[in-house]
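# Understanding the architecture of this molecule
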Amino acid sequence: MTTFEPGLAVETRHLRKRFGEKLAVADLSLAVRRGEVFGFLGPNGAGKTTSLKMLLGLVEPTSGSGALLGAPIGDRATRAKVGFLPEHFRFPEWLSARELLRFHGRLLELPEAVTRDRAERLLGEVDLLDAAHRPMRGYSKGMLQRAGLALALLGEPELVFLDEPTSGLDPLGRLLVRDLMRAMRDRGVTVFLNSHLLGEVEATCDRVAFVKAGQVVHEHAIAAAAGDPVSVLLRAGGLDGETVEGLARFGRDLRRDGDEVHLAVDSEDALPEIARWVVSRGATLRHLSADRVSLEDKFLEVMGSDQRPG
Amino acid sequence: MRLLAVTRLTIEEAGRRRVLHATLLCGAAFLVLYAIGFHYIVRGIEHEQGPMAAVQHMFVRNLFTIVGLYAVNFLMVMSAVLLPVDTLSGEIASGVLQTVVARPVHRTEIVLGKWLAYVLVIWGYLLLLAGGVLTIAYFTAHALPPRAGLGLMYMAIEAVVLVSLSIAGGARLGTVTNGVLAFGLYGLAFLGGWVEQIGSMANNEATRNIGTIASLLMPSESMWQLASHQMQPEFLAQMRISPFSIASVPSQAMVLWAVLWSAAVLASGVIGFRKRAL
Ligand SMILES: Nc1ncnc2c1ncn2[C@@H]1O[C@H](COP(=O)(O)OP(=O)(O)OP(=O)(O)O)[C@@H](O)[C@H]1O
Ligand SMILES: [Mg+2]
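Residues numbered from 1 in each chain as written. Chains lettered and ligands numbered in written order. Predicted model: local features only at pLDDT ≥ 70, side-chain atom pairs only at ≥ 80, totals over all residues. Heavy atoms only, no water.

## What to know about the overall build of chain B
Using the following cut-off: Strands are runs of DSSP state E lasting at least 2 residues, helices are runs of H or I lasting at least 4, and numbering of each runs from the N terminus. Note on classification: 1.4 Å probe, protein chains only; a residue is buried when its accessible area is under 20% of the maximum for its type, exposed when over 50%, partly exposed between these limits.
A tally of regular secondary structure across chain B gives 12 helices and zero strands. Counting helices and strands in the order they occur from the N terminus, chain B gives α-α-α-α-α-α-α-α-α-α-α-α. Along the first, second and third principal axes, the C-alpha set of chain B runs to 75 × 45 × 30 Å. In chain B, which comprises 278 residues, the proportion classed as buried is 54%.

## A look at the overall build of chain A
Operational definition: The contact definition used throughout considers only heavy atoms, calling two residues in contact when any of these lie within 4.5 Å. Only four residue types enter the tally: Lys and Arg on the positive side, Asp and Glu on the negative side, with His and both chain ends excluded. Taken as the charge location is NZ of Lys, CZ of Arg, CG of Asp or CD of Glu.
Across its full length, chain A carries 10 helices and 14 strands. Projected onto its principal axes, the C-alpha positions of chain A cover 75 × 50 × 35 Å. Burial status across chain A gives 49% buried among its 310 residues. When contacts within chain A are restricted to residue pairs at least 6 apart in sequence, long-range pairs at least 24 apart make up 69% of them. Positive and negative side-chain charges in chain A, numbering 41 and 45 respectively, have mean positions lying 5 Å apart.

## Structural notes on helix 1 (residues 48-56) of chain A
For helix 1 of chain A, the buried fraction is high: nine of the nine residues fall into the buried class. A:Gly57 occupies a position one or two residues after helix 1 of chain A and carries a positive phi of about 80 degrees.

## Focus on the pairing of strand 7 (residues 159-163) of chain A
All names here are of chain A. The line we're drawing: When DSSP finds two or more bridges between a pair of strands, those strands are recorded as paired. We call a crossover right-handed when, viewed with both strands directed away from the observer, the connection leading from the first strand over the helix to the second proceeds clockwise.
Of all five residues making up strand 7, five are buried, and the element is well covered by its neighbours. Relative to strand 7, strand 6 (residues 82-85) runs parallel, the two being bridged by four bridges. For Phe84, the partnering residue across the bridge sits in strand 7 and is Phe161. Where strand 7 meets strand 8 (residues 190-195), five bridges bridge the pair, whose relative direction is parallel. Its bridge partner lying in strand 8, Leu159 is registered against Thr190. Note on the crossover from strand 7 through helix 6 (residues 171-186) to strand 8: the handedness is right-handed.

## A short note on the coordination of the magnesium ion (ligand 2)
All names here are of chain A. How we decide: Coordinating donors are taken as N, O and S atoms within 2.8 Å of the metal, stretched to 3.2 Å for Na, K and Ca; because water is absent from the atoms, sites can appear incomplete.
Looking at the metal site, the magnesium ion (ligand 2) is ligated by Thr49 (OG1), Glu87 (OE) and Glu87 (OE), spaced 1.9 to 2.8 Å from it. Here Thr49 is found in helix 1, whereas its partner Glu87 is found in the loop between strand 6 and helix 3 (97-107), with 38 residues between them in sequence. Residue Glu87 is classed as partly exposed on the basis of its relative accessible area, which comes to 23%.

## Quick look at the site of ligand 1
Residue and element names in this part refer to chain A. To keep things clear, this is the line we draw: For this purpose, a residue is taken to be near a molecule or strand whenever a single non-hydrogen atom of the residue falls within 4 Å of it. Distance and chemistry together define a polar contact, namely a pair of N or O atoms within 3.5 Å, with one atom able to donate a hydrogen and the other to accept it when in protein, and with adjacent residues in sequence counting only for side-chain atoms on both sides. Areas reported here follow the Shrake-Rupley algorithm with a probe of radius 1.4 Å; residue values treat only the protein chains shown as occluding.
Near ligand 1 you find 14 residues, and of these Gly45, Lys48, Thr49, Thr50 and Glu87 are the closest. In this structure, Ala46 approaches ligand 1 through a main-chain N or O atom, which is 3.2 Å from an oxygen atom. A distance of 2.9 Å separates an oxygen atom of ligand 1 from a polar atom in the backbone of Gly47. Isolated, ligand 1 exposes 640 Å² of accessible area, and the fraction of that covered by the protein chains is 65%.

## Description of the domain arrangement of chain A
Formally: These domain boundaries are the output of an automatic or database domain assignment.
In terms of domain boundaries, chain A breaks down into domain 1 (8-221) and domain 2 (230-292). Placing the centre of domain 1 of chain A and that of domain 2 of chain A at their C-alpha centroids yields a distance of 45 Å.

## Topic: the pattern of salt bridges
Opposite charge on two side chains allows them to pair when their charged atoms are near. Residues and elements named next belong to chain A. The criterion, for reference: Just to be clear on terms, a salt bridge is a Lys or Arg side-chain nitrogen sitting within 4 Å of an Asp or Glu carboxyl oxygen.
Evaluation of the coordinates by the stated rule reveals 21 salt bridges over all chains. Taking the shortest distance from any N to any O, the salt bridge between Asp206 and Arg185 comes out at 2.4 Å. Separated by 21 residues along the polypeptide, Asp206 in the loop between helix 7 (198-204) and strand 9 (207-212) and Arg185 in helix 6 bring together distant segments of the chain.

## Observations concerning the packing of helix 3 (residues 53-82) of chain B against helix 6 (residues 107-141) of chain B
Residues and elements named next belong to chain B. Going by this rule: Angles shown run from 0 to 180 degrees and are taken between the N-to-C directions of axes, each axis being a line fitted to C-alpha atoms and, for helices, limited to the stretch in contact. Throughout this description, any angle smaller than 35 degrees is read as roughly parallel, any larger than 145 degrees as roughly antiparallel, any in the 65 to 115 degree range as roughly perpendicular, and the remainder as oblique. Here a crossing is taken to be left-handed if its near helix is turned anticlockwise relative to the far helix by less than a right angle, and right-handed if that turn runs clockwise. Gly counts as polar in this scheme, as do all residues outside two lists: the nonpolar Ala, Val, Leu, Ile, Met, Phe, Trp, Tyr, Cys and Pro, and the charged Asp, Glu, Lys and Arg.
Look at helix 3 against helix 6: their axes get within 10 Å of each other, and the N-to-C directions meet at 165 degrees. Overall, the two elements helix 3 and helix 6 adopt an arrangement that is roughly antiparallel. The chirality of how helix 3 crosses helix 6 is right-handed. Where helix 3 abuts helix 6, its residues Arg61, Thr65, Gly68, Leu69, Val72, Leu75, Met76, Ser79 and Ala80 lie against Ile122, Tyr125, Leu126, Leu129, Ala130, Val133, Leu134, Ala137 and Ala141. Of the residues assigned to the contact of helix 3 with helix 6, the class counts are 14 nonpolar, three polar and one charged.

## Brief notes about the interface of chain B and chain A
Which entries qualify depends on this criterion: Joining two parts hides part of their accessible area as seen by a 1.4 Å probe, and the buried area is that hidden amount summed over both.
Each partner contributes to the interface: chain B provides 27 residues, whereas chain A provides 28 residues. Here chain B meets chain A over a buried area of about 2,700 Å², counting both sides, of which 58% is carbon and sulfur. Along the contact surface separating chain B from chain A lie three salt bridges. Here B:Glu109 and A:Arg76 are joined by a salt bridge, their closest N and O atoms 3.9 Å apart. In terms of residues, the side of chain B that touches chain A owes the most to one element, helix 1 (residues 2-16) of chain B, which gives eight residues. Within the side of chain B that touches chain A, the residues separate by chemical class into 12 nonpolar, five polar and 10 charged.

## A closer look at a negative patch on the surface
Applied cut-off: Patch definition: residues with relative accessible area over 30% and no salt bridge; like charges joined within 9 Å; nonpolar side chains (Val, Leu, Ile, Met, Phe, Trp, Tyr) joined within 5 Å.
A surface patch of negative charge is lined by A:Glu202, A:Asp291, A:Glu296 and A:Asp297. Note on placement: A:Asp291 falls in strand 14 (residues 284-292).

## Digging into helix 8 (residues 175-201) of chain B
Residue and element names in this part refer to chain B. How we decide: Given a helix with a known number of residues, its expected span is that number minus one, times 1.5 Å.
The terminal C-alpha atoms of helix 8, which comprises 27 residues, lie 39 Å apart, in line with the 39 Å expected from a rise of 1.5 Å per residue. Along helix 8, the residues classified as buried are Asn178, Gly179, Ala182, Tyr186, Ala189, Gly192, Gly193, Glu196, Gln197, Gly199 and Ser200. Buried positions along helix 8 lie against helix 3, helix 7 (148-172), helix 9 (205-217) and helix 10 (221-230). Asn203, located one to two residues past helix 8, shows a positive phi value of around 55 degrees.

## Concerning the confidence of the model for chain B
To keep things clear, this is the line we draw: For every residue, the predictor reports its confidence as pLDDT, a number between 0 and 100.
Summing up the model confidence of chain B, the mean pLDDT is 88 and the portion of residues at 70 or higher is 96%. For this predicted complex, the interface score ipTM comes out at 0.86, while the overall pTM is 0.86.

## Quick notes on the environment of B:Val255
Residue and element names in this part refer to chain B. Following the sequence through the fold, Val255 ends up in helix 12 (residues 253-275). Given the relative accessible area of 12%, Val255 is considered buried. Expressed as a C-alpha distance, the spacing of Val255 and Tyr154, which sit 101 residues apart in the sequence, is 7.9 Å.

## Notes on the nonpolar core
We apply this condition: Think of a nonpolar core as a cluster: buried Ala, Val, Leu, Ile, Met, Phe, Trp, Tyr and Cys residues, connected wherever their side-chain atoms sit within 4.5 Å.
Formed by 155 residues in total, the largest nonpolar core has its most connected members in A:Val10, A:Met136, A:Phe161, A:Leu162, A:Met184, A:Phe192 and B:Phe273. Non-local contacts of B:Phe273, meaning those with residues more than four positions away in its chain, are made with B:Leu88, B:Ile92, B:Leu97, B:Arg107, B:Ile110, B:Val111, B:Ala171 and B:Leu278. Formed by 17 residues, the second largest nonpolar core is a distinct cluster that contains A:Ala236, A:Leu239, A:Leu247 and A:Phe250.

## Things to note about a nonpolar patch on the surface
Residues and elements named next belong to chain B. Taken together, Leu216, Leu256, Trp257 and Leu260 make up a surface patch of nonpolar side chains, about 380 Å² in accessible area. The element best represented in the nonpolar patch is helix 12, accounting for three residues. Tracing the sequence through the fold places Leu260 in helix 12. By relative accessible area, which is 47% here, Leu260 ends up partly exposed.

Now the structure itself:
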């Protein structure tokens, strides 16, 4: 019997899924702490959706094991504490959002009154009260996505899986999703976000895992980004060798390329010092900028150029 | 109960679908036509006199009542296969079931919930149409077949056989494959039934075996045979002059077989659905 760490919201060990010839997930080992907003990043076809479906019991793993909230995957009681927004949210079209929530309230075995109260509150939060009585076949893409979010939150879950929640949403819709995720985080809910929208992940997640061909190839803490190196670019006329060498004390990886100097420093605080030094040496400072390594750079670096869209 | 939540939603859904409305419309049209037809048939034979008149009247009335129930049987078979044919396969294909299965519900409950819903819907339909036929027969001709309750019970079991097949097929197959398979099996049983009857009249052992095998493979037609046999007066059934008087009456063991068969088919559907990637 494998035991799982109860402090983890999601834990997987060597999960693998093969559809006939096609290996969708090769070897997935993950640990997501409770309360974390976790980004699961990867190109199309990397196996994000399949991984999530294995965790939720929609797809049976070929091998490997995993746990949600400390209980092995497939445990039914645990699913009451888990919310899920599928990649393509589908629903019986003739139902209204309110009726859909009522049905799921019954599946969760919530008392009718509790379901009703929660449904009204959630429909308000996703700004759907006006349309809540209409059949969902008449909803726009954004309205459906919001109905799906309300549905995911109906059980007041401790852990929520969102599979590309903002796909097809306009900027306002995206903002709403972002706010909902922040609110979840504030309530201590663990969020597992599948996405390939780097900006979205950067803005909302504490930590990300890059997945490629069904394998985690890199993990990256965004909250700790304050300690990450900042890359500095300096352009100046009349740079002499001594000036450039003197820059070395501000950071690492010093590299000169004609008029340009590249340097990695620990924080932006070093910039004024750098400017003072260059000017005091009599050089003409034309450009000085600092960039954090963006998630996008990291993504491209990790995925490599061999990656074809899958 | 989660199973009942699924049943309830499925019945509500069936109630809103056009296919059920069409089915009900067909049923209503059939009943109107039947009432008119019965009315004129009774008028036609009323004036006949003679020593055998009473028996003839009885024969015609009973025959026409059973003809009506035969049509009901046909409509019921159609709806028992077609109404549930896509309830699982359709929701699997579209992804509607993803959020449902992610709830603390057992996959078995989803299959059984849907099965129960359609059994109830088809039973309701049967009761409505067969009740209509019997009411019409009673008021136009004062004719009620004997053991009508027992007959309806056999038809209700036939409905269970067909709904189980359609639901189980939907758990494992695509909608079209499922429909083709269900009607194929039904056709096989239907043909097997007739081969058996004709063979029995000619005392042909081989054909009788063919019929038995067909009934074992798909015990739907044998339930109708039992129903129609029960609903004829004894002497008419023995005279074998009506197309519904059967030469070889399925045994009571066939009823047990139909129930077991349904349970086994449904179980295979449940097992298939439990493993299915959604
Ligand atoms: N049911 C299935 N049968 C066969 N192959 C499948 C099935 N589901 C997924 N795959 C394959 O597994 C691989 C991973 O698919 P998956 O949907 O998990 O990727 P993803 O990372 O979610 O991609 P996207 O970003 O496009 O949503 C793909 O190559 C896909 O074609
Ligand atoms: Mg996906």
